[in-house]
Amino acid sequence: MRTRVTELLGIEYPIIQGGMAWVATHELASAVSNAGGLGIIGAGGAPASWVREQIQAAKRETDKPFGVNLMLMNPEADAIAQVLAEEQVKVVTTGAGNPAQYMEMWKKAGIKVIPVVASVALAKLMERGGADAVVAEGTESGGHIGAATTMTLVPLVADAVEIPVIAAGGIADGRGFAAAFMLGAEAVQMGTRFVVANESIVHENYKERVVKAKDIDSEVTGRSTGHPIRVLRNKMTREYLKMEQEGATLEELENLTLGALRKAVVEGDVVNGSVMAGQSAALVKKQESCAEIIADVMDTAAKLMHI
Ligand code: TUI
């Protein structure tokens, strides 16, 4: 299936793997790229040296294009932005901020730049700044989220910009893929479904939690702090939401979540840790390889779209 996004990135299928902090390591990224999608290494809150090592490992594991996501709240964002240019990564996506200050350097290095946006305003700004495409990410997504739903954000962004739009948030199967295309997207980004991939290094407890998740298990912490984070409900979220309601300070709330993602992903503590996942966790039924995930999504989508 060809779209402007498959042509832009040189990939076989218009499926991009989300650049999830702690989860999207070189193992997952190279597996997705080898399966014909676009794998992405998630820099998350990691230091620049770690990001460089991850890129070099992925280069050994695949000769297909892969990308890196720069989470702009990372204290080492400047240094990482430099590493991405030096390593001449094919594709960069960004999250949780405005990457305008790095755009010129990346474009000069020949990098395709795809900011993740949660609003029409930022999508337009990114297009004016030279972005090659945008990911329009709805509030159904896991992790740090905006307010608009995928159902409204994707067509609004598609109307507002000329560059290709990639839909994200709530998409985990061929039905979501087909729906996204009906809304004007030319590719999809999926995170949650790839969390449970065989090639994902995520702790088994975390994967089991995602597979077992039901529709009502999705929760948002941090609405009052201005940093809403979508996660799966557990002891941590119950305590957090109670403290938030009782007017706890930012510091008290941050103490509860600091390092919580690592605790869940690496240590497998899905009780006290932060189990970030999108609403689509309820749609994720089993662990399988990245190639099987992509084949399943594309098979269903092709039938629905009569192609
Ligand atoms: O970035 C994400 N999702 C993330 S980042 C992350 S790591 C993290 N961990 C703890 C605390 C905070 C982050 C986990 N999940 N998605 C892309 C995304 N970007 N969603 C929303 C936005 C966004 C929001 C506001 C982008 C820009 C923005 O404002 C731009 C401006 O003008 O500053």
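Residues numbered from 1 in each chain as written. Predicted model: local features only at pLDDT ≥ 70, side-chain atom pairs only at ≥ 80, totals over all residues. Heavy atoms only, no water.

Points about the overall build of the protein chain
Now for step 1: From N to C terminus, the protein chain includes 14 helices and 11 strands.
Now for step 2: Compactness check: the protein chain gives a C-alpha radius of gyration of 18 Å against a globular reference of 19 Å for 307 residues, within 12% of the reference.
Now for step 3: The C-alpha extent of the protein chain, read off along each of the three principal axes, is 50 × 45 × 40 Å.
Now for step 4: Across the 307 residues of the protein chain, 54% fall into the buried class.
Now for step 5: Across the protein chain, contacts joining residues at least 24 apart in sequence account for 60% of those joining residues at least 6 apart.
Now for step 6: Counting every atom, the protein chain has about 13,100 Å² of accessible surface; 52% of that belongs to carbon and sulfur. (Helix = DSSP H or I, 4+ residues; strand = E, 2+ residues; numbered from the N terminus. Rg over C-alpha atoms; globule rule 2.2 N^0.38 Å. Buried < 20%, exposed > 50% of the residue type's maximum accessible area, 1.4 Å probe, protein only. Contact = heavy atoms within 4.5 Å. Areas by Shrake-Rupley, 256 points an atom, 1.4 Å probe, with all protein chains shown as cover.)

Considering the environment of lysine 107
Now for step 1: Secondary-structure assignment places lysine 107 in helix α5 (residues 100–108).
Now for step 2: With a relative accessible area of 33%, lysine 107 lands in the partly exposed category.
Now for step 3: Between the C-alpha atom of lysine 107 and that of isoleucine 11, which follows or precedes it by 96 residues, the distance is 20 Å.
Now for step 4: Every residue in contact with lysine 107, bar those within four places of it in the chain, is listed here: Val113, Gly130 and Asp132.
Now for step 5: Side-chain polar atoms of lysine 107 contact the side chain of aspartate 132, separated by 2.6 Å. (Polar contact = N/O pair within 3.5 Å; in protein donor to acceptor, adjacent residues only side chain to side chain.)

Remarks on α5
Now for step 1: Buried residues of α5: Tyr102, Met103 and Trp106, and no others. Projection of α5 onto a plane perpendicular to its axis shows the buried side chains occupying an angular sector of 120 degrees, all on one side. Set apart from the buried face of α5 by more than 90 degrees, the exposed residues are Gln101, Glu104 and Lys108.
Now for step 2: Looking at the packing, one finds that the buried side of α5 touches β3 (66–71), α4 (77–86), β4 (91–95), β5 (112–117) and α6 (120–128).
Now for step 3: Phi turns positive, to about 80 degrees, at glycine 110, one or two residues after α5. (Arc of directions from axis to C-beta.)

Some thoughts on the sheet that holds strand β6 (residues 134–137)
Now for step 1: The parallel open sheet is built from eight strands, whose spatial order is β1-β9-β8-β6-β5-β4-β3-β2. The open sheet terminates on both sides in strands that have one partner only, identified here as β1 (15–17) and β2 (39–42). Here the strands of the sheet are splayed against their neighbours by 25 degrees on average, with no regard to which way each runs.
Now for step 2: As defined by bridge partners, β2 adjoins β3 across four bridges and the pair is classed as parallel. By the bridge assignment for β3, glycine 42 is matched with asparagine 69. (Pairing = 2+ DSSP bridges. Axes fitted to C-alpha atoms, helices over the stretch in contact; angles between N-to-C directions.)

Structural notes on the pattern of salt bridges
Now for step 1: Per the stated rule, a full pass over the model turns up 14 salt bridges.
Now for step 2: Its salt-bridge partner being arginine 175, residue aspartate 173 comes within 2.8 Å of it at the nearest N-O pair.
Now for step 3: Using a relative accessible area of 52% as the deciding quantity, one classes arginine 175 as exposed.
Now for step 4: For glutamate 267, the salt bridge identified is with arginine 262, shortest N-O distance 2.7 Å. (Salt bridge = Lys/Arg side-chain N within 4 Å of Asp/Glu carboxyl O.)

Things to note about the environment of methionine 105
Now for step 1: Assignment of secondary structure puts methionine 105 in helix α5.
Now for step 2: Distance in space between the C-alpha atoms of methionine 105 and serine 33 is 25 Å, their sequence separation being 72 residues.

Considering the pairing of β4
Now for step 1: Taken across its five residues, β4 has five buried, putting it largely inside the fold.
Now for step 2: Side chains of β4 alternate between two faces, with Val91, Thr93 and Gly95 and Val92 and Thr94 buried alike.
Now for step 3: Pairing analysis gives five bridges linking β3 to β4, with the strands arranged parallel. Looking at the pairing, leucine 70 lines up with threonine 94 of β4.
Now for step 4: Note that the unit made of β3, α4 and β4 has a crossover that is right-handed.
Now for step 5: Handedness of the crossover is the feature at issue here: the chain leaves β4, passes through α5, returns alongside β5, and the resulting connection is right-handed. (Right-handed = clockwise from strand over helix to strand, strands pointing away.)

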